[in-house]
Amino acid sequence: MTLQPYNPDKLDQLALRLLDQAAAIREMANVCREHQIGDFALHDKKASEWCDLLERWTSKARTELQMKVIDVRATQRAEAVARRQEQ
């Protein structure tokens, strides 16, 4: 697995891709309701597995981002203290 740098815009692009898929599935649900289709069969094993993996990946990524925020804040505080001591 290769780490890829993500800026806020790239994160937004990923989120929009996921939202597009969610919107397509919601549209399918609405079509089923509209046409009173109550038993539309899908092969969902892989999709469920992917969702589980995506949820774990997102949780891990959020934790890593929180750690990076803590590191950035600590660095900024240390630099602020150093500047005050120089004055």
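To be clear, the structure that these remarks concern was listed above.
Residues numbered from 1 in each chain as written. Predicted model: local features only at pLDDT ≥ 70, side-chain atom pairs only at ≥ 80, totals over all residues. Heavy atoms only, no water.

Peer 1: Talk me through the pattern of salt bridges; I want residue IDs and the actual numbers.
Peer 2: Per the counting criterion, the structure on display carries two salt bridges. The salt bridge partner of Glu-49 is Lys-46, with a shortest N-O separation of 3.9 Å. Placement of both Glu-49 and Lys-46 in helix α2 (residues 45–86) is noted, with a separation of three residues, approximately one turn of the helix. The salt bridge involving Glu-64 is made with Lys-60; its shortest N-O contact spans 3.9 Å. With a gap of four residues between them, Glu-64 and Lys-60 both fall in helix α2, about one helical turn apart. (Salt bridge = Lys/Arg side-chain N within 4 Å of Asp/Glu carboxyl O. Helix = DSSP H or I, 4+ residues; strand = E, 2+ residues; numbered from the N terminus.)

Peer 1: Break down a nonpolar patch on the surface for me, citing the residues and quoting the values.
Peer 2: A contiguous nonpolar patch, built from Ile-25, Met-28, Ile-37, Phe-40 and Leu-42 and spanning about 500 Å² of accessible area, is present on the exposed surface. Along the chain, Phe-40 falls in the loop between α1 (8–34) and α2. (Patch = residues over 30% accessible without salt bridge, like charges linked within 9 Å, V, L, I, M, F, W, Y side chains within 5 Å. Areas by Shrake-Rupley, 256 points an atom, 1.4 Å probe, with all protein chains shown as cover.)

Peer 1: So what about the packing of aromatic side chains? Which residues, and what values?
Peer 2: Per the stated rule, a full pass over the model turns up zero aromatic pairs. The ring centre of Tyr-6 lies 4.5 Å from the NZ or CZ of Lys-10, which sits over that ring. (Phe/Tyr/Trp six-rings, centres within 6.5 Å; stacked < 30°, edge-to-face > 60°. Lys NZ or Arg CZ within 6 Å of the ring centre and 35° of its normal.)

Peer 1: I'd like to hear about the environment of Gln-36, residue by residue, with values.
Peer 2: On the secondary structure map, Gln-36 appears in the loop between α1 and α2. A residue is classified by how much of its surface remains accessible, and Gln-36, at 75% relative accessible area, is exposed. Between the alpha carbons of Gln-36 and Gln-13 there is a distance of 34 Å; along the sequence they are 23 residues apart. (Buried < 20%, exposed > 50% of the residue type's maximum accessible area, 1.4 Å probe, protein only.)

Peer 1: Explain the environment of Met-28 to me, using residue names and the numbers behind them.
Peer 2: Relative to the helices and strands, Met-28 is located in helix α1. Met-28 sits in the partly exposed class, given a relative accessible area of 37%. It is 9.6 Å that separates the C-alpha atoms of Met-28 and Phe-40, two residues lying twelve residues apart in sequence. Every residue in contact with Met-28, bar those within four places of it in the chain, is listed here: Phe-40 and Leu-42. (Contact = heavy atoms within 4.5 Å.)

Everything listed here is a matter of geometry and, on its own, says nothing about what the molecule does.
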